[in-house]
Amino acid sequence: MDNHLKLLAVGYDPAIMQVVGRLLNSHAGWNGVIALTREEGLEKLLEENYDALLLCVGVSADDEEAFHRVVNNHHLSTIIIRHYGGGSGLLENELRAALDHQQ
């Protein structure tokens, strides 16, 4: 797996997302970007290509569909991961498993 990853995490709880952002950026070569609203997440996703999109706390099924549409239309290589929380080890394992499975 490439150690230089660009990751976008979208979630609607600022305190939780601050922790997610810190966890993502604590890994060498990982660049984690956080979005706190659906609109901000979609805008960031349209502006740049990410290796993975993490859908976190508060993202509804309707929101998830909107993110899937953008990925399917603009960034087919971006993998989407539904992140339900847990410690840093769980987040890292989710990302590694999804990225390894994609290769």
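See the structure shown above.
Numbering of residues starts from 1 in each chain and follows the order in which that chain's sequence is written. Per-residue local features are limited, in this predicted model, to residues with pLDDT of at least 70; the limit for side-chain atom pairs, both in listing and counting, is 80 or more; totals at the level of whole chains, interfaces and linings are taken over all residues. Hydrogens are left out, water is left out, and the side-chain values use all remaining heavy atoms of the structure.

### Describing the overall build of the chain
Here's step 1: A count of helices and strands for the chain gives four helices and four strands.
Here's step 2: Its helices and strands in sequence order give the chain the pattern β-α-β-α-β-α-β-α, from N to C terminus.
Here's step 3: Put simply, the radius of gyration uses C-alpha atoms, and a globule should come to 2.2 Å times the residue count raised to 0.38. Relative to its length of 103 residues, the chain is compact, with a C-alpha radius of gyration of 12 Å against a globular reference of 13 Å.
Here's step 4: When its C-alpha atoms are laid out on the principal axes, the chain stretches across 30 × 30 × 20 Å.
Here's step 5: The cut-offs for exposure are 20% and 50% of the maximum accessible area for each residue type, with area from a 1.4 Å probe on protein chains only; residues under the lower value are buried, those over the upper are exposed, and the others partly exposed. Scored against the burial criterion, the 103 residues of the chain give a buried share of 36%. By the criteria applied, helices consist of DSSP H or I runs no shorter than four residues and strands consist of E runs no shorter than two, each listed in order from the N terminus.

### Side note on the pattern of salt bridges
Here's step 1: By convention in these notes, a salt bridge is any Lys or Arg side-chain nitrogen within 4 Å of a carboxyl oxygen on Asp or Glu. According to the stated counting rule, one finds four salt bridges in the structure shown.
Here's step 2: Of the charged contacts, one joins Glu48 and Lys6 as a salt bridge, the two residues approaching to 1.9 Å between their closest N and O atoms. With Glu48 in the loop between helix 2 (38-47) and strand 3 (52-55) and Lys6 in strand 1 (residues 5-10), the pair connects residues that are 42 residues apart, well separated along the chain.

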